[in-house]
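# Fold and geometry: a report
Chain by chain, the residues:
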Amino acid sequence: MNLILLGAPGSGKGTQAKFLAEHYKIKKIVVGDILREEVKNNTPLGKVVSEYMNKGVLVPDNIIIKVIQEKLNSSGFILDGFPRNLVQAKMLEEILKEKALSLDRVIYLKVNEEKAVERLSGRRVCKNCGAIYHIVNMPPQKEGICDKCGEKLMIRDDDREETVKKRWQVFRRETSSLIDHYLKDSKLLEVDANKSKEEVFSEIKKALNSYGKDKDSSGN
Ligand code: AMP
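My aim in this report is to walk through the structure given alongside it, one point at a time.

### What about the sheet that holds strand S5 (residues 123–126)?
Taken together, three strands build an open sheet; the order of strands is S6-S5-S7 and the sheet is antiparallel. Here the strands that pair on one side only, and so sit at the sheet edges, are strand S6 (132–134) and strand S7 (153–154). Bridge count for S5 against S7 is two bridges, and the pairing is antiparallel. Considered in S7, the bridge of Cys126 is made with Leu153. Of the strands in this sheet, S5 and S6 are in contact with helix H6 (residues 113–122), which crosses S5 at around 40 degrees.

### A look at the pattern of salt bridges
In the structure shown here, the tally under the stated rule is 14 salt bridges. Taking the shortest distance from any N to any O, the salt bridge between Arg36 and Asp33 comes out at 2.9 Å. One end of the pair is Arg36 and the other is Asp33, both in helix H2 (residues 31–40) and three residues apart, which spans about a single turn. For Arg36, a relative accessible area of 26% translates into the label partly exposed. Each of Arg123, Arg156, Asp158, Asp159 and Arg167 takes part in a single network of salt bridges with overlapping partners.

### Remarks on the side chain of Gln16
In this structure, Gln16 sits in helix H1 (residues 13–24). Ignoring sequence-local partners within four residues, the contact set of Gln16 consists of Leu5, Leu109, Lys197, Val200, Phe201 and Ile204.

### A few points about the packing of aromatic side chains
Taken as a whole and assessed by the stated rule, the structure comprises two aromatic pairs. Pairing Phe19 with Phe201 gives two aromatic rings, centres 5.2 Å apart and planes at 55 degrees, and the pair type is tilted. Of this pair, Phe19 sits in helix H1 while Phe201 sits in helix H9 (residues 197–210), and the two are 182 residues apart along the sequence.

The rules behind each value
- Residues numbered from 1 in each chain as written.
- Predicted model: local features only at pLDDT ≥ 70, side-chain atom pairs only at ≥ 80, totals over all residues.
- Heavy atoms only, no water.
- Pairing = 2+ DSSP bridges.
- Helix = DSSP H or I, 4+ residues; strand = E, 2+ residues; numbered from the N terminus.
- Contact = heavy atoms within 4.5 Å.
- Axes fitted to C-alpha atoms, helices over the stretch in contact; angles between N-to-C directions.
- Salt bridge = Lys/Arg side-chain N within 4 Å of Asp/Glu carboxyl O.
- Buried < 20%, exposed > 50% of the residue type's maximum accessible area, 1.4 Å probe, protein only.
- Phe/Tyr/Trp six-rings, centres within 6.5 Å; stacked < 30°, edge-to-face > 60°.

Shown next, in the form of structure tokens:
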């Protein structure tokens, strides 16, 4: 199963990508995480992309395409955070064609801005292992400390209020056009992402199932 997860900042893409990857045993390709790792390691690529990321704007398409080309090698994937505009969507189509791969579904996590801002302002991340928490909805056992690796939790640089506003503007201006694009293709599944993470995941599975794509024989 080859999927795209589409949604505004705070729609829960990261959480649902993790659930989907575990449940369907597919590889998740999380572009934001790949870029953050480059920034953390202070690589040449990391130095270039950090400026864009800190401003909450998109990294240039030619840089992102190289990342995707490298990571997308076989069937059984979920793309989180890519494509982010129509140019990237067209480039993805070319990459898939070249590699004889195809896209099954695009899951659109539809969230309202208020809900998303509430999620982002309470989000805490572990820069060491990438685990994600929320101070109210998903707190760690010990305040400020990662349950998995014991490192200190941080606020993502681009979760500051001003940057969140900017990221939403970018979503409206550049990414939301993808909804129509995939609707025309009949590939889009829209899910109400204002609900709890468990409810959202259950809706996603139901939606995939109704298209005959849920390969979970237990029916969960
Ligand atoms: P995310 O974790 O998906 O919210 O992405 C964080 C930041 O990484 C974005 O605000 C962009 O600066 C950058 N980024 C992630 N994915 C892409 C993409 N497909 N195209 C351009 N920039 C991206």
